[in-house]
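Observations on the model geometry
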Amino acid sequence: MGNRGMEDLIPIVNKLQDAFATIGLSHSLDLPQIAVVGGQSAGKSSVLENFVGRDFLPRGSGIVTRRPLILQLINSNTEHGEFLHNKGKKYTDFDEIRKEIEAETDRITGSNKGISNVPINLRVYSPHVLNLTLIDLPGMTKVPVGDQPADIEFQIRSMVFEFISKDNCLILAVSPANADLANSDALKVAKEVDPKGLRTIGVLTKLDLMDQGTHARNILENKHLPLRRGYVGVVNRSQRDIDGRKDIKAALAGERKYFLTHPEYRHLADKMGTPFLQRQLNQQLTNHIRDTLPELRNKLQSQLLTLEEEVKEFKDFSYDDPARQTKAMLQLVQSFGVDFEKKIEGSGDQINTVELSGGAKINRIFHERYPFEVVRMEYDEKELRREISYAIKNIHGVRVGLFTPDMAFEAITKKQISRLKEPSLKCVDMVVNELNNVVRECGEKMARYPRLREETERIICTHIRENEQKTKSMVISLIEIQLAYMNTNHEDFIGFANANASNAAPSRRNSASRRQSKSIRQNQVIRKGWLSLHNVSFIKGGSRDFWFVLTAESLSWFKDEEEKEKKYMLPLDGLRLRDAESGFMSRRSAFALFIPDQRNVYKDHKQLELSCETTEETDAWKASFLRAGVYPERAREAAEGEGETPDNVGSMDPQLERQVETIRNLVDSYMGIISKQVRDLVPKALMALMINHCRDFIQGEMLAHLYSAGGTDQLMEESAEEAQRREELLKMYTTTQQALKIIGEVNMNTKSTTVPPPVDNDDLIKPFSNGPHPGQQPAAPGRRPAPQSVPSRPTPNHTGPPPSGPLRPSPVPSIPSRPDVPSRPAPSVPRRPGDSGRNPSVPSRPNIPARP
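Keep in mind the model is a prediction, meaning the values are calculated, not measured. (Residues numbered from 1 in each chain as written. Predicted model: local features only at pLDDT ≥ 70, side-chain atom pairs only at ≥ 80, totals over all residues. Heavy atoms only, no water.)

What follows is about the overall build of the protein chain. Looking only at helices and strands, one finds 30 helices and 17 strands in the protein chain. Out of the 852 residues in the protein chain, the part that is buried amounts to 47%. When the accessible surface of the protein chain is split by element, carbon and sulfur atoms take 51% of a total near 44,500 Å². (Helix = DSSP H or I, 4+ residues; strand = E, 2+ residues; numbered from the N terminus. Buried < 20%, exposed > 50% of the residue type's maximum accessible area, 1.4 Å probe, protein only. Areas by Shrake-Rupley, 256 points an atom, 1.4 Å probe, with all protein chains shown as cover.)

Further remarks concern the packing of helix α3 (residues 44-52) against helix α10 (residues 274-311). A pair of packed helices can be characterised by two numbers: the angle between their axes and the separation between those axes. Where α3 meets α10, the axes come as close as 10 Å, and the angle between the chain directions of the two elements is 85°. Classified by the angle their axes make, α3 and α10 are roughly perpendicular. Here Val47, Asn50 and Phe51 of α3 come into contact with α10, specifically with Thr274, Leu277, Gln278 and Leu281. Taken together, the residues that form the contact of α3 with α10 break down as four nonpolar, three polar and no charged. (Axes fitted to C-alpha atoms, helices over the stretch in contact; angles between N-to-C directions. Parallel < 35°, antiparallel > 145°, perpendicular 65-115°, else oblique. Contact = heavy atoms within 4.5 Å. Nonpolar A, V, L, I, M, F, W, Y, C, P; charged D, E, K, R; others polar.)

Let us look at the environment of leucine 384. With respect to the element layout, leucine 384 can be found in helix α13 (residues 381-396). Spatially, the C-alpha atom of leucine 384 lies 9.8 Å from that of valine 660, the residues being 276 residues apart in sequence. With residues up to four places along the chain from it excluded, the contact list for leucine 384 reads Ile412, Gln416, Arg664 and Val667.

Let us look at the confidence of the model for the protein chain. When the pLDDT values of the protein chain are averaged, the result is 75; 73% of them are 70 or greater. Of all helices and strands in the protein chain, the one with the weakest mean pLDDT is helix α27 (residues 779-782) (38), whereas strand β9 (residues 231-233) scores best (91). Counted against residues more than four places away or in other chains, residues 504-520, with its pLDDT under 50, gives 19 contacts. Predicted confidence is poor over residues 747-847, with pLDDT under 50, and the contacts of this stretch with residues over four places away or in other chains come to 82 contacts. (pLDDT = per-residue confidence, 0-100.)

What follows concerns the pairing of strand β12 (residues 554-558). The buried count for β12 comes to five of five residues, which makes it a mostly enclosed element. A two-sided burial pattern is seen for β12, the buried positions comprising Ser554, Ser556 and Phe558 on one face and Leu555 and Trp557 on the other. Across four bridges, the pairing between strand β11 (residues 543-551) and β12 is antiparallel. Bridging across to β12, valine 549 finds its partner in serine 556. The antiparallel hairpin formed by β11 and β12 contains two residues in its connecting segment. (Pairing = 2+ DSSP bridges.)

Now for the sheet that holds strand β17 (residues 631-632). Spatially, eight strands are ordered β13-β12-β11-β10-β16-β15-β14-β17 in an open sheet, and the strand pairing comes out mixed. Looking at strand neighbours, the two that pair on one side only are β13 (566-571) and β17, the edges of this open sheet. Sheet analysis places strand β15 (residues 589-594) next to strand β16 (residues 607-612), joined by six bridges and oriented antiparallel. Residue pairing for β16: leucine 593 is matched across the bridge by leucine 608. Sitting on the sheet, helix α19 (residues 615-627) is in contact with β10 (525-534), β11, β12, β14 (576-580), β15, β16 and β17, with an inclination near 125° to β10.

The next subject is the pattern of salt bridges. Two side chains with opposite charge may pair up if their charged atoms get near one another. Counted under the stated rule, the structure contains 32 salt bridges. One salt bridge connects aspartate 55 with arginine 237, and the closest N-O pair in it is separated by 2.2 Å. Within this pair, whereas aspartate 55 is found in the loop between α3 and β2 (69-75), its partner arginine 237 is found in the loop between β9 and α8 (239-243), the two being separated by 182 residues in sequence. Aspartate 55 gets classed as buried once you look at its relative accessible area, which sits at 16%. (Salt bridge = Lys/Arg side-chain N within 4 Å of Asp/Glu carboxyl O.)

Counted residue by residue, α3 has nine buried out of nine residues, so it is predominantly covered. Three or more residues of α3 are buried, namely Lys44, Ser45, Ser46, Val47, Leu48, Glu49, Asn50, Phe51 and Val52. Positioned one or two residues after α3, glycine 53 has a phi angle of 80°, which is positive.

Pairing within the open sheet is mixed, and its nine strands lie in the order β4-β3-β5-β2-β6-β1-β7-β8-β9. Lying at the two open borders of the sheet, with one neighbouring strand each, are β4 (86-91) and β9. Ignoring strand direction, the axes of neighbouring strands in this sheet form an average angle of 25°. Note that strand β1 (residues 33-38) and strand β7 (residues 169-176) share six bridges and pair parallel. Bridge pairing in β7 places glycine 38 opposite valine 174. Sitting on the sheet, helix α5 (residues 152-164) is in contact with β1, β6 (132-136) and β7, with an inclination near 155° to β1.

When the terminal C-alpha atoms of helix α9 (residues 248-261) are compared, their 20 Å separation across 14 residues agrees well with the 20 Å that a helix rising 1.5 Å per residue should span. Regarding α9, the residues found buried are Ile248, Ala251, Glu255, Tyr258 and Phe259. The buried side chains of α9 occupy one side of the element, clustering within an arc of 90° when seen end-on. α9 presents Lys249, Lys257 and Thr261 as exposed residues on the side facing more than 90 degrees away from its buried surface. In this structure, the buried residues of α9 make contact with α3, β9 and α10. (Expected span 1.5 Å × (residues − 1). Arc of directions from axis to C-beta.)

Phi is positive for leucine 225, which is not a glycine, with a value near 50°. For leucine 225, the location among the structural elements is in the loop between α7 (217-220) and β9. Unusually for a residue other than glycine, glutamate 563 sits at a positive phi of about 60°. Here glutamate 563 shows up in the loop between β12 and β13.

Here we come to the nonpolar core. Core analysis: the largest hydrophobic core is formed by 62 residues, its most contacted members being Phe340, Val431, Leu435 and Leu452. For this core, the secondary structure elements donating two or more residues are α11 (322-345), α12 (359-378), α13, α14 (406-418), α15 (421-442), α16 (450-484), α22 (654-700) and α23 (702-709). Considering every element that reaches this core, the biggest residue donor is α22, with 17 residues. For phenylalanine 340, the contacting residues outside a window of four places in its chain are Leu435, Val438, Val439, Cys442, Ile691, Cys694, Arg695 and Ile698. Core analysis: the second largest hydrophobic core is formed by 51 residues, Ile120, Leu172, Val234 and Met732 among them. (Core = buried A, V, L, I, M, F, W, Y, C linked by side-chain atoms within 4.5 Å.)

Looking at the element boundaries, lysine 44 is found in helix α3. For the buried lysine 44, no salt bridge exists, and the shortest N-O distance to an oppositely charged side chain is 4.9 Å, to aspartate 136. Leaving out residues up to four positions away in the same chain, lysine 44 has contacts with Val36, Val37, Gly38, Gly39, Asp136, Leu137, Gly139 and Val174. (Lys, Arg positive; Asp, Glu negative; His and termini not counted.)

In this section: the packing of α14 against α16. Two elements in contact, α14 and α16, have axes separated by 10 Å at closest approach and are oriented at 175°. Compared by their axis directions, α14 and α16 come out roughly antiparallel. Here Lys414, Ile417 and Ser418 of α14 lie close against α16, whose contacting residues are Ile479, Gln482 and Leu483. Each residue belonging to the contact of α14 with α16 can be placed in one class, and the counts come to three nonpolar, two polar and one charged.

Moving on to the pairing of β14. The sheet contact formed by β14 and β15 spans five bridges and is antiparallel. Bridging from a neighbouring strand, alanine 580 pairs with alanine 590 of β15. Relative to β17, β14 runs parallel, the two being bridged by two bridges. The partner of arginine 576 across the bridge, within β17, is tyrosine 631.

With that settled, consider the packing of aromatic side chains. Under the criterion given, the structure shown has 15 aromatic pairs. Pairing phenylalanine 56 with phenylalanine 94 gives two aromatic rings, centres 6.4 Å apart and planes at 65°, and the pair type is edge-to-face. Of the two residues, phenylalanine 56 is situated in the loop between α3 and β2 and phenylalanine 94 in helix α4 (residues 94-109); the sequence distance between them amounts to 38 residues. Here phenylalanine 56 and phenylalanine 94 have matching classes, each one buried. Residues phenylalanine 409 and phenylalanine 493 carry aromatic rings whose centres are separated by 5.7 Å and whose planes lie at 40° to one another, so their mutual orientation is tilted. Of the two residues, phenylalanine 409 is situated in helix α14 and phenylalanine 493 in the loop between α16 and α17 (495-501); the sequence distance between them amounts to 84 residues. The exposure classification of phenylalanine 409 matches that of phenylalanine 493, with both residues buried. Among the aromatic side chains, those forming a connected cluster through ring pairs are Phe548, Trp557, Tyr568 and Tyr602. One Lys or Arg, lysine 166, reaches over the ring of phenylalanine 163 and ends 5.8 Å from the middle of that ring. Above the plane of the ring of phenylalanine 594 lies arginine 578, whose end atom (NZ or CZ) is 4.1 Å from the centre. (Phe/Tyr/Trp six-rings, centres within 6.5 Å; stacked < 30°, edge-to-face > 60°. Lys NZ or Arg CZ within 6 Å of the ring centre and 35° of its normal.)

Encoded structure:
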């Protein structure tokens, strides 16, 4: 070609293709290449074998090419083949190459016509080839064969589109000439991804098998179904020739003779045949690579920047360096401590927008889950009144008590305080689980060193378990402290006098605290959000989503969040809350609102069933209802009417009833004080004894424990997957650097050397881009470059058909008519300046201006 830089373009892309194929990115990287597509048995493999001059591709009936074959042809003094999956081995026998292709295909796809998109890379060195890279794709078929899936047609199409849909891929559309070109599978898929025909090169095979009296001259002249890059006709060996082991060199000579002697094709003989197709593909691929180099360089530069961030840890030093290992371990431990603190304190760089985690989840446990559990254990009205009446009667014994016994108050109160242990210890367990989750999340940065991550998580989780026992002991101590002494002189305790006074209005006792809070915040909105409303749909078991607004006095729901169309408002007085069963195959978490005395809550419904997407949302809504004074149902209330009745206790006389009310008010007042203290102290104990202590341990003592667990070389041993990934990243980084360097050098060389441009096939087919226009044909040959047109045609070929050249509308045969141009009358123009007297009117014209 004359330009060393241009000649190196295809080998450069071959090196890029091999380098990225080693790391599994050959078919995902958009490198300039040529993909060979066509229907089954269209002759694709024969075309490739003609390029090489050897029989080396598998043959047979049905689908033969079942994996993409990346064929790299390299001009060399020696002749051999090399496979990328079997580096170092040279195949001089091309029959062995065929067997290796079949074996490698069966290794991935099986032996019964399965297909795979994993390519086979084959490099062929030969003095008979030009530098060229092609991808032989499976032929498109319609009917599955053997164990092939029923959708084999769509699988092959998907594989073909995976390659040809890339902008840097030229499409070699191979179609048989003995079939209607309008039904060509190759042209059809090429049209879908390349509607303007900028990347499509047409190849017509089996020209010698067309019916007698028919020809494909209009197609080869690019008049019928024109392509911007045109068509090239080839004649492959027949099946009889293949079976008879006919030499490919003899077949190429027969192909040349066929085009020279055929009356319809002999004027195109120099533009037809396998040698011309190989030269044309070499030239067009080289030009295509040159045109796409800027975009390819930009992609590689972007990829290099991304890789630099990933390999900056280990690109400049040895992996086995002890100093590097110690430094890396110190950095990882320090980063672990910083991440742990950020997740707990809520100041992390990477904020989770999907769910609560870390400190936010612990905060929800402290202020939503734990108070809800405390209230559920604390209040059980019916059971509490029964226990008070039993205590008073047992204290009086056989006597009739005239005064309210304070021992009954103390016994009942201590029993209620003891019930606070269970929710408090449950709160500790929930916090421990969340801390373990935080430790696992922080350890993800150590995934590259599995031994270090395992030891780090083991040391911290062991420390958390040790502190868990200390924290639980402290929580139990807090409850026992409350049991040790009953401070009835507390400033918030109502005392006996106030308790007796409150008996005058016992019916208002249950909702007194709630009314007091509501008087302060009448219309305060506690929570808003979407909930699904069940049991109110026309369809049984159906549900509808509404926008709910919970205030201190009512629950309202609207059509949407604009809150313009209110559906209903439900007062909260007398409501209770309990869990509800979700529907069959439902993952939603449900709860229900009801009135204990079996009255209707909403229209004709005894309860109002609501559900949320997640359990966290349900717990948040329950905590919000608790703030509004809607308390959860107790186990005893769920079986109301089925257990003991007041008759089991005996009929209460007025004096016993007053005593029960007095003790009930005292217990209610004192438990309110204790529950506030416990709900305040338990989270504080957890923060002091577990969370803060764990943070200080990670920042101060964990490193010493790691050193005692093993040496640095053992802890910093990479996993096999990470070692492989590191090697691949380094290889990709080095390959990308080399690729950018080579591309830069090639660009400089191509700019410094001026070479006549290659044949521009676009100009040849412009007259036929929208159909044949015979009137534009004479202009087409005039635009063709002289170095590629006139010298390439030998003069003996013009002896036979010169008279027919000017008569045909084709732009190609008009070339021989150029020598006849000087014989036309056009040369008479220079003799016109002589005075012949034939135009006497011309000199008289200047006299016209003198008339005015």
